[in-house]
Amino acid sequence: MAHNDHLLPRPREIPGPTSPQSSLLAGRQRYLLFPRFTLESGITLTNVPVAFKTWGRLADTRDNALVVCHALTGSADVEDWWGPLLGVDKVFDYSRFFVVCCNVLGSPYGSASSCTQAGGESSWAKDGDDTAADAIMQAKMQWDGQGWWGPEFPATTVRDDVRIQKLVLEFLGVESVAAVVGGSMGGMAVLEWPLVFPTRWPGRTDSTSRYIQAIVPLATSARHSAWCISWAEAQRQSIYSDPLFKHGYYLPAEPPRNGLSAARMAALLTYRSRDSFESRFGRRVGKALKGGGAALPVPDAHSEAQAKTIDDQRRRSLAHDAAAAHNEGNLSPRVKPYGSNSPLNGYFAGPNGASLSPTATTPPVPAVPHPPTELSDQAVHERLVEPFSPSTAPEIFSAQSYLRYQGDKFVRRFDANCYIHLTRKMDSHDVARHRWGWRVLRTSNTITGVVLDSGVRPESDEAEDAALMRVLDVLSSHGPVEGKVQPPAVLVVSIESDGLFAPPEQMLIHELVGGSEFVSVKSSDGHDGFLLEFEQINASVGAFLRKRLEPIYKRPQLEVQHEQQHVKESVFGEVEDVTRW
Ligand SMILES: N[C@@H](CCO)C(=O)O
């Protein structure tokens, strides 16, 4: 399929923004609209936008492109999330390289996704009649006519991203790529680039020149692990369980914020480490957000009759307090709508200019009926002198407060359907999937086994490993055009405290890709270390590129205006959150 892409009609540049979230990057990226693009699944999309950004300029030799691939919730705006790596004499040196970053399909930041217009009749034909579920139909009926893809945006793969991004490079005049660099989901794309495009001219089997000179996969894996798949599943379940999710047919102004926020909180924990949380927060007390744990005042008694009434009041108050404490963090409208200055408001403004109204998606705690198991008087009196008195606002740990802040912040910049789409895309990642070296044996719809090219039919697990070995071996020895294509230089980067994409996964890539180099970045921050340890990454990746791309570094620097805009407020904000909190 990849080999037919060069026959597709050329894209044209459009102004954008193409989605609500891409308006957060207004003026900071460009857009191409592809008349049509066929996904790995066989589904053909029409009118497909791809958001991208470039720095520096293409050399006359058209071979100095440096492709940056973003992670799960990143965007094409590298300055926004990898800014300290971008600049003269840094890794992404735009006086030597033509730095290009494209937003992946399915992301809310401008490329075709659940948040872009489905494109009317010319788009993928929606089949709305094949579902039996009334709830889905009802939500869908309310939603129809919105024009967004919503949950009907078809699944895309990392390979789809690589193929469409190659077309963006062609539009920009790139003939071969100096390097591809990216972390986590971006690292998956980095591994796929030379496998999808080993040769310079994909349409020509006689080509012997490689398309990509060097790749740097960071904090990634050759196939998404069971551990990562399980975390992604738990996060998707958080979104599904938000009543506002409505099977993905939610209105843009009423998204499942609480579910997405909870998903992000869980995800964030997988991006950091136990040690980093212990040292940063310990058991420090944090601020409860407004509205949580409100308690009733309890008056003083002046007579026995009054005392009984007051005891009743105290009991009620106590029950109220207990429920309020129990619901602390749930009761508060902690997931706020977009701020009044947010461009997202304008984007969603209806015909009358009405913008989002605040939505506390969790209903307030109802009046608490007398509990079936009553507290004894003694317990009432004991409780009344305990620190959790009615006048005391509930205290929470600063670690909790931090997570909530992260959840709130995330829902203001991301979309739940896109989150589901992208986590599924990562789950599908496996460099060996449907590749040379193995094929699946089927009887009707049942997979009965796997057979290797050699004719051996090993146990399934072994077959998977063998397929992986074979594919990674292709990276190190020759392309699918046997013996003709030089492999790219490979630097595998690992974060030593990464508990999500654990170091053995990068070590495996290093071991299977002959001639590859390996570096372990020292960091106690866990997986997100690849977005935080700028100095080490600048040093190690920079040294690798200087060594492997010597001819480019020997050339006189290109004359470029200092193009880097200082990003005052990062949309992505991983660094800001860690260092400022
Ligand atoms: N924290 C990053 C990395 C995930 O791998 C993100 O949100 O995209």
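For the structure itself, consult the block above.
Residues numbered from 1 in each chain as written. Predicted model: local features only at pLDDT ≥ 70, side-chain atom pairs only at ≥ 80, totals over all residues. Heavy atoms only, no water.

J.: Help me understand the sheet that holds strand E2 (residues 30-38), please; the structure alone is not making it clear to me.
T.: Adjacent strands of a sheet pair through backbone hydrogen bonds, lying either parallel or antiparallel. Taken together, nine strands build an open sheet; the order of strands is E1-E2-E3-E5-E4-E6-E7-E12-E13 and the sheet is mixed. The two strands at the open ends of the sheet, each matched to only one other strand, are strand E1 (12-14) and strand E13 (517-521). For this sheet, the mean inter-axis angle between neighbouring strands, taken without regard to orientation, is 25 degrees. Bridge analysis of E2 against strand E3 (residues 44-55) gives eight bridges, and the strand direction is antiparallel. When the bridges of E3 are listed, Leu-33 appears paired with Pro-49. (Pairing = 2+ DSSP bridges. Helix = DSSP H or I, 4+ residues; strand = E, 2+ residues; numbered from the N terminus. Axes fitted to C-alpha atoms, helices over the stretch in contact; angles between N-to-C directions.)

J.: I would appreciate a short explanation of the pattern of salt bridges in the present structure.
T.: Pairs may arise between side chains of opposite charge once their charged atoms sit close together. Within this structure, the stated rule accounts for 22 salt bridges. Of the charged contacts in the structure, one is a salt bridge between Lys-166 and Glu-170, with a shortest N-O distance of 2.6 Å. Within this pair, Lys-166 and its partner Glu-170 are both found in helix H3 (residues 158-171), separated by four residues, close to a single helical turn. Of the residues examined, Glu-170 reaches a relative accessible area of 32% and is grouped as partly exposed. (Salt bridge = Lys/Arg side-chain N within 4 Å of Asp/Glu carboxyl O. Buried < 20%, exposed > 50% of the residue type's maximum accessible area, 1.4 Å probe, protein only.)

J.: Sorry if this is basic, but what is going on with the nonpolar core here?
T.: Within soluble globular proteins, side chains that are nonpolar tend to cluster in buried spots. Val-180, Trp-193 and Tyr-419 are the most contacted members of the largest nonpolar core, which totals 83 residues. Contact partners of Trp-193, with chain neighbours within four places excluded, come to Val-67, Cys-69, Val-162, Gln-165, Lys-166, Leu-169, Val-180, Tyr-211 and Ile-212. Listed in part, the 37 residues of the second largest apolar core include Ala-71, Trp-82, Ala-214 and Phe-530. (Core = buried A, V, L, I, M, F, W, Y, C linked by side-chain atoms within 4.5 Å. Contact = heavy atoms within 4.5 Å.)

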